[in-house]
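Commentary on secondary and tertiary structure
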Amino acid sequence: MNALTLPDIAAQASRQALPLEWVGMCGIALPVLFDGQRLAATVDAGVSLDDGNARGIHMSRLYLALEMLERESLSPDLLRQVLERFLESHEGLADSAYLKISADLMLKRPALISPLAGWKSYRVSINARLKNAMFHVELKTEVPYSSTCPCSAALSRQLIQQQFIDDFANRPLQHADILAWLGSTNGIVATPHSQRSQATLRVMLDDFLDEFPLIALINDAEAALATPVQTAVKRADEQAFALANGQNLMFCEDAARRLNLALKRSPGIRAFHARVVHAESLHAHDAVAETHFNWEAR
Ligand SMILES: Nc1nc2c(ncn2[C@@H]2O[C@H](COP(=O)(O)OP(=O)(O)OP(=O)(O)O)[C@@H](O)[C@H]2O)c(=O)[nH]1
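Residues numbered from 1 in each chain as written. Predicted model: local features only at pLDDT ≥ 70, side-chain atom pairs only at ≥ 80, totals over all residues. Heavy atoms only, no water.

**Brief notes about the sheet that holds strand 5 (residues 134-148)**
- A sheet is described by the order of its strands in space; here eight strands give the open sequence 1-2-3-4-5-6-7-8, paired in antiparallel fashion. Each having just a single partner strand, strand 1 (20-34) and strand 8 (287-293) make up the two edges of the open sheet. Strand-to-strand twist of the sheet, defined as the mean angle between neighbouring strand axes without regard to direction, takes the value 15°.
- In this structure, strand 7 (residues 269-278) lies alongside strand 8, joined through seven bridges in antiparallel fashion. The residue of strand 8 that forms the bridge with Val276 is Ala289. (Pairing = 2+ DSSP bridges. Helix = DSSP H or I, 4+ residues; strand = E, 2+ residues; numbered from the N terminus. Axes fitted to C-alpha atoms, helices over the stretch in contact; angles between N-to-C directions.)

**A short note on the environment of Val277**
- Mapped onto the elements of the fold, Val277 is located in strand 7.
- Between the C-alpha atom of Val277 and that of Arg196, which follows or precedes it by 81 residues, the distance is 8.8 Å.
- Ignoring any residue separated from it by four or fewer positions in sequence, one finds Val277 in contact with Arg196, Ser197, Gln198, Asp286, Ala287 and Val288. (Contact = heavy atoms within 4.5 Å.)

**As for the packing of helix 4 (residues 150-168) against helix 5 (residues 175-182)**
- Viewed as axis vectors pointing N to C, helix 4 and helix 5 meet at an angle of 135°, and their least axial separation amounts to 12 Å. For the element pair helix 4 / helix 5, the angle class is oblique. Where helix 4 crosses over helix 5, the two elements pack in a sense that is right-handed. Counting all contacts with helix 4, which are made through Ile160, Gln163, Phe164, Asp167 and Phe168, the residues of helix 5 involved are Asp177, Ile178 and Trp181.
- Along the lines of polarity and charge, the residues of the contact of helix 4 with helix 5 split into five nonpolar, one polar and two charged. (Parallel < 35°, antiparallel > 145°, perpendicular 65-115°, else oblique. Left-handed = near helix turned anticlockwise from the far one by under 90°. Nonpolar A, V, L, I, M, F, W, Y, C, P; charged D, E, K, R; others polar.)

**Focus on the UniProt feature "site: May be catalytically important" (unreviewed entry) in the protein**
- Sites flagged by UniProt as "site: May be catalytically important" (unreviewed entry) map to Cys149.
- Among the structural elements, Cys149 can be located in the loop between strand 5 and helix 4. (UniProt positions renumbered as here; feature names shortened; annotations may be inferred.)

**Re the side chain of Lys120**
- Checked against the element boundaries, Lys120 lands in strand 4 (residues 117-131).
- For Lys120, a relative accessible area of 7% corresponds to the buried category.
- If we skip the residues at most four places from it in the chain, Lys120 touches Leu105, Met106, Leu107, Arg109, Pro144, Glu222, Pro228, Val229 and Thr231. (Buried < 20%, exposed > 50% of the residue type's maximum accessible area, 1.4 Å probe, protein only.)

**A look at the domain arrangement of the protein**
- By domain assignment, the protein separates into domain 1 (16-149 + 193-297) and domain 2 (150-188).
- In this structure, domain 1 and domain 2 have C-alpha centres spaced 46 Å apart.
- Taken together, the seven residues of domain 1 in the interface contact five residues of domain 2.
- Between domain 1 and domain 2 lies a buried interface of about 410 Å² when both sides are counted; carbon and sulfur atoms form 71% of it.
- Of all residues in domain 1, Cys149, Leu249 and Phe251 give up the largest surface area on contact with domain 2, accounting jointly for 80% of the area buried on that side.
- Our count for the domain 1 to domain 2 interface comes out at zero salt bridges.
- Summed over the shared surface of domain 1 and domain 2, the result is four residue pairs in polar contact (both at pLDDT 80 or more).
- Across the side of domain 1 that touches domain 2, the residue classes tally to four nonpolar, two polar and one charged. (Domains from an automatic or database assignment. Buried area = accessible area lost by both parts, 1.4 Å probe. Salt bridge = Lys/Arg side-chain N within 4 Å of Asp/Glu carboxyl O. Polar contact = N/O pair within 3.5 Å; in protein donor to acceptor, adjacent residues only side chain to side chain.)

Quick look at the structure:
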């Protein structure tokens with residue numbers, strides 16, 4: 001054998017003629033560009049191996065095609081180009097191409113009242129496929145928020161009413177006394193439980209979008225829930241957060257319905273699936289709700 005001739009096992013015939021649905025690489029480290037940020041992403045890249053007689057695909061060709069993602073900002077068109085490159089480099093072997101990009105997107109968020117701001121990190125992934133010449137792209141993200149139980153709030157109010165009856169029985173009601181009582185611990189003898197909650201959103205995008213509406217999706221979800229977790233917080237911000245929670249008491253069902261309405265109004269989305277998880281402080285288990293729209297059509 002000539003020293004320059006390298007064995008090419010992938011080019012050999014397969015011992016067992018069998019096509020494969022997905023072959024590729026998972027967890028490739030890649031710095032990608034999105035909305036002016038450089039994100040440390042991990043990428044899964046694959047194709048179908050439709051030629052059952054071929055031993056293997058050419059991993060390096062997929063890997064090298066990913067270089068395009070380093071130079072240009074992520075967009076539907078860029079992902080489609082990468083997937084087309086996957087198929088061109090596997091002509092006769094593969095009919096379908098797949099790409100998944102996962103990263104943490106950092107967004108700077110202002111405080112509710114004070115002139116402060118801080119960063120929030122959102123787990124995002126973009127899942128694209130080119131199959132039967134059809135291009136599909138799905139966005140996934142996770143939005144953390146706070147939820148206060150409406151039932152617990154009602155039960156607490158009832159106890160506060162009972163305390164009021166006990167404390168003011170047979171006494172004339174004086175404005176100043178009531179005001180002082182409202183500011184005392186007796187005026188809030190019971191408090192409703194709240195929980196750190198998370199919405200996981202998956203959306204299928206309309207065809208021919210110029211850019212990924214990821215930030216709009218996160219903003220729309222946070223606006224609908226009205227109680228996103230905060231970054232920089234002074235007492236004035238904490239008080240505003242308490243008010244926001246009190247004005248937006250939510251079971252997990254309420255949160256799912258809010259998201260359903262918001263995502264239907266959000267532009268560029270043709271199908272979605274939302275799952276909310278309220279990490280209960282009443283129980284050691286979670287309260288969970290799911291909702292979707294056009295999702296079976298994916
Ligand atoms: N198909 C396949 N390749 C693997 C696997 N694990 C490692 N590789 C290696 O990935 C490397 C790159 O594969 P190719 O893209 O076919 O490399 P190449 O033959 O030099 O490149 P081309 O000339 O473009 O085909 C090879 O050295 C393979 O041995 C595997 O499970 N499947």
